[in-house]
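Tertiary structure, described
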Amino acid sequence: MRIDLSRVTTEPVGFVEELEVAPERLDASEVAAPVRARLSGEVRPVGGGYAVAGTLEASGSLTCVRCLTAVPWQARETFAFELCREIASDSVDEVELGDDDLDRVQLVDDELDLGEVAAEQILLALPMRVVCRDDCAGLCPTCGENRNLEGACQCTPEPDPRWAALRDLSERPS
Ligand SMILES: [Zn+2]
Ligand SMILES: [Zn+2]
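This part is about the environment of E18. Here E18 is to be found in strand β2 (residues 13-21). By relative accessible area, E18 is classed as exposed at 62%. Here E18 is in contact with A37 and R38, once residues within four sequence places are set aside. Here the side chain of E18 touches R38 through a polar contact of 3.5 Å, side chain to side chain.

Written out as C-alpha cells, the structure is:
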C-alpha cells in the first residue's frame, strides 16, 4: 500500500497494513521464507516534509547460520523517521531530538510506500546472528550432517585448521 502524501495536510493520517515481504526483497541470507509484517502508525506534516512513526510486528522463519535449520522469529519494534524535501548537507544522517535520533529520508515523490518501510524495518529488526540455540553444533564439515541430531554422523572430528595455525605460531622459536 502507498500513502498519498498530498492528503497529509494538517491532520495526521493513520495507517495499518498487513503484508508479506518476500525474501528477495530483504536480501538477507538468514531470511529464506516470506516474513509476515504488520505496520501501524501515522504520518503527520512537519516543516519541510512529513514525520512517520509507528510499530512493526514481524514474524517468520530465519535460518540458523551453523546448521541451516529454520528458526522461528518474531519481533516488535517501534520506528520513526522524517521524510524531507531537502536535506541539508550538514545533517544528512541524523538530527538530534531530545534523546532520540531521528532518521531523515529524502522524499522522492509524494508517496510513502509501506512495503518499502516494512522491508527496511524488518532488516533493522533482524538479529545480528541467527542460531537455533547457543550450543548449536552445526553441520559436519566432512559429511554435511546436522551434528545436533543424535547419531547423525560418525566422522572423526578433524583438527580445526585455525588451531593448527595457532600451534605453528606458538612452536616458532622466539
Ligand atoms: Zn543450528
Ligand atoms: Zn560427519
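Having seen the model, we can carry on.
A few words on the pairing of strand β5 (residues 70-84). Bridge analysis of strand β4 (residues 49-63) against β5 gives 15 bridges, and the strand direction is antiparallel. The residue of β5 that forms the bridge with A58 is A75. Counting the residues in the hairpin turn of β4 and β5 gives six residues, including L68, whose phi is positive at 65 degrees.

We now examine helix α2 (residues 114-125). For an α-helix the count is 3.6 residues per turn, leaving residues at separations of three or four pointing the same way. Relative to the 16 Å expected for 12 residues at 1.5 Å per residue, α2 spans 16 Å between its end C-alpha atoms, a close match to the ideal helical length. Taken as a whole, α2 has its buried residues at L114, G115, V117, A118, A119, Q121, I122 and A125. Where α2 begins, the capping side chain belongs to D113, and its oxygen is found 2.9 Å from the backbone nitrogen of G115.

Moving on, we come to the pairing of strand β3 (residues 35-46). Consecutive side chains of a regular strand alternate in pointing toward one face of the sheet and then the other. Relative to β3, β2 runs antiparallel, the two sharing nine bridges. In the sheet register, L19 faces β3, and the bridge partner there is A37. What sits between β3 and β4 in their antiparallel hairpin is a turn of two residues, with G48 showing a positive phi close to 80 degrees.

Here the zinc ion (ligand 2) is held by the protein donor atoms C140 (SG), C143 (SG), C153 (SG) and C155 (SG), which lie 2.3 to 2.5 Å from it. Each of the four donor atoms bound to the zinc ion (ligand 2) contributes to angles spanning 104 to 114 degrees, and the resulting shape is tetrahedral. Counting gaps between the donor residues of the zinc ion (ligand 2) yields the pattern C-x2-C-x9-C-x1-C. Placement of the pair is C143 in the loop between α2 and α3 (161-171) and C155 in the loop between α2 and α3, with a sequence separation of 12 residues. What makes C143 partly exposed here is its relative accessible area of 38%.

Within the protein, C64 (SG), C67 (SG), C132 (SG) and C136 (SG) serve as the donor atoms for the zinc ion (ligand 1), at 2.3 Å. Sequence positions of the donors to the zinc ion (ligand 1) reduce to the motif C-x2-C-x64-C-x3-C. Under the relative-accessibility criterion, C132 is labelled partly exposed at 32%.

With that settled, consider the nonpolar core. By size, the foremost hydrophobic cluster in this structure holds 38 residues, and its most contacted members are L5, V43, W73, L112 and I122. Put simply, the parts of the chain that give this core at least two residues each are β2, β3, β4, β5 and α2. Discounting chain neighbours no more than four positions away, the residues touching L5 are V43, Y50, L83, L107, D109, D110, E111 and L112.

The rules we used
- Residues numbered from 1 in each chain as written.
- Chains lettered and ligands numbered in written order.
- Predicted model: local features only at pLDDT ≥ 70, side-chain atom pairs only at ≥ 80, totals over all residues.
- Heavy atoms only, no water.
- Helix = DSSP H or I, 4+ residues; strand = E, 2+ residues; numbered from the N terminus.
- Buried < 20%, exposed > 50% of the residue type's maximum accessible area, 1.4 Å probe, protein only.
- Contact = heavy atoms within 4.5 Å.
- Polar contact = N/O pair within 3.5 Å; in protein donor to acceptor, adjacent residues only side chain to side chain.
- Pairing = 2+ DSSP bridges.
- Expected span 1.5 Å × (residues − 1).
- Donors = N, O, S within 2.8 Å, 3.2 Å for Na, K, Ca; no water.
- Tetrahedral: all angles 85-135°; square planar, octahedral: opposite > 155°, others 65-115°.
- Core = buried A, V, L, I, M, F, W, Y, C linked by side-chain atoms within 4.5 Å.

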